[in-house]
Amino acid sequence: MQNKEVPFFVVNEPFGVEYKDEIVSQTVCAHTHNVAELYFTLTDLPDVLLNQTVSWVRQDSLIIIPPFCVHQLYHRENLEYRRYILNVDVNWMERVLVGSNVSLEYMKHAGQPMILSLGTEERAKLMEHLDALRNLRDCRDLRTMTQFFAVLQEIDSMVQERKREPEEKPLTVVGTQKRVNEIISYMNDCLMTGITVEQVAKHFFLNKDYLSRLFAKHTHTTIGHYMAMQRIAKAQELLRSGKTVVQVQEMMEYSSYSYFHKSFQKLTGMSPSRYRLLYMQEKKE
């Protein structure tokens, strides 16, 4: 379920797949999910924001986005975007796979986003598997589960092949995207210090207004929104690790408990204490 009022989307099903071929009338700001998102784009994406990197992603690429990873994949209104989207509840998947030798680490909370450029044969196989899964409606039916894991097996084979033979240029960074990536990297290194836009501009010897325009040009969001999202994503990680709300507030150097509570509520749609309680309950199930 997507809550359009906050940039944190909650999916309640174990997994789900859809195909979209549409002219986008409204884009989504930088956001996160509580699930892993596997985004198979059939359209070029000029400015993709994945956690700490902005890059150009070519059509026929599979983007693997772990839970709670800040991202924005497309931003231009009135253009056609063709893509398959597979969402996977990682907590559910881990419970199903307990005792097996399957890890799928790249889909888990601690994983890093991945971009796989697919060849013609890989593209055809993945589309065939995804279309077969789309035609099965009940995600708790045995046939559907079997097809779902066939999709995961196909994707895992691609990932393992890339690990054996890494691509020479896994990312395509063009023009001033490189400069923006340097800025993002610096801001994330200072994530727990409450760094300001003025301090970032000073570090890079840039005018603050120019810095803001450059950042927005490639990320299609403001520095303030991006930093707020990354800080809350880090706070979510700490809460899932067992830290108390007060501990997280202090570790992230929020000026007060009430400010942390308000910021967390605004970006996730729930309080930090509620979020922590729900996650701890999921772990026990």
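Residues numbered from 1 in each chain as written. Predicted model: local features only at pLDDT ≥ 70, side-chain atom pairs only at ≥ 80, totals over all residues. Heavy atoms only, no water.

Asker: Report on the pattern of salt bridges, specifying residues and quantitative values.
Answerer: Applying the stated criterion across every chain yields a total of 12 salt bridges. Glu94 is the salt-bridge partner of Lys108, the closest N and O atoms lying 3.3 Å from each other. Pair noted here: Lys108 is in the loop between helix 1 (90–96) and strand 10 (114–117) and Glu94 is in helix 1, with a separation of 14 residues, a long-range link. Overall, Lys108 belongs to the buried group, its relative accessible area being 15%. A relative accessible area of 36% places Glu94 in the partly exposed class. Within the structure, one salt-bridge network assembled from shared partners comprises Glu94, Glu105 and Lys108. (Salt bridge = Lys/Arg side-chain N within 4 Å of Asp/Glu carboxyl O. Helix = DSSP H or I, 4+ residues; strand = E, 2+ residues; numbered from the N terminus. Buried < 20%, exposed > 50% of the residue type's maximum accessible area, 1.4 Å probe, protein only.)

Asker: Tell me about empty space enclosed by the protein, and name the residues and values.
Answerer: Taking a probe equal in size to a water molecule and rolling it over the atoms shows the remaining empty space. All told, the structure shown has two cavities of 30 Å³ or more when counted by the stated rule. Estimates place the volume of the largest cavity at around 40 Å³. Looking at the largest cavity, the residues that line it are Leu38, Phe40, Leu62, Tyr84, Ile85, Leu86, Leu126, Leu130 and Ile155. Within the residue set of the lining of the largest cavity, elements represented by two or more residues are strand 4 (36–41), strand 9 (80–88) and helix 2 (120–134). Its residues assigned to classes, the lining of the largest cavity comprises nine nonpolar, no polar and no charged. Looking at the second largest cavity, its volume works out to about 30 Å³. Along its surface, the second largest cavity is lined by Phe8, Thr32, Met229, Ile232, Ala233, Gln236, Leu267 and Thr268. (1 Å grid on protein atoms, 1.4 Å probe; cavity = no way out; pocket = protein on both sides within 12 Å on 5 of 7 lines; lining within 4 Å. Points joined across faces, edges and corners; volume = space filled by probe spheres on them. Nonpolar A, V, L, I, M, F, W, Y, C, P; charged D, E, K, R; others polar.)

Asker: Go over the side chain of Asp60, please, and point to the residues and values.
Answerer: For Asp60, the location among the structural elements is in the loop between strand 6 (53–57) and strand 7 (61–65). A distance of 2.6 Å separates the side chain of Asp60 from the side chain of Arg123, its partner in a polar contact. Beyond its immediate sequence surroundings of up to four residues, Asp60 is in contact with Phe40, Thr41, Leu42, Leu116, Ser117, Leu118 and Arg123. (Polar contact = N/O pair within 3.5 Å; in protein donor to acceptor, adjacent residues only side chain to side chain. Contact = heavy atoms within 4.5 Å.)

Asker: Describe in detail the sheet that holds strand 6, supporting the description with residues and values.
Answerer: Spatially, 6-5-8 is the arrangement adopted by the three strands of the open sheet, whose pairing is antiparallel. Looking at strand neighbours, the two that pair on one side only are strand 6 and strand 8 (71–72), the edges of this open sheet. Looking at chain direction, strand 5 (residues 45–50) and strand 6 are connected through four bridges and run antiparallel. Residue pairing for strand 6: Leu45 is matched across the bridge by Val57. This element, helix 4 (residues 177–189), spans strand 5 and strand 6 of the sheet and lies at about 150° to strand 6. (Pairing = 2+ DSSP bridges. Axes fitted to C-alpha atoms, helices over the stretch in contact; angles between N-to-C directions.)

Shape is all these values report; function is a separate question.
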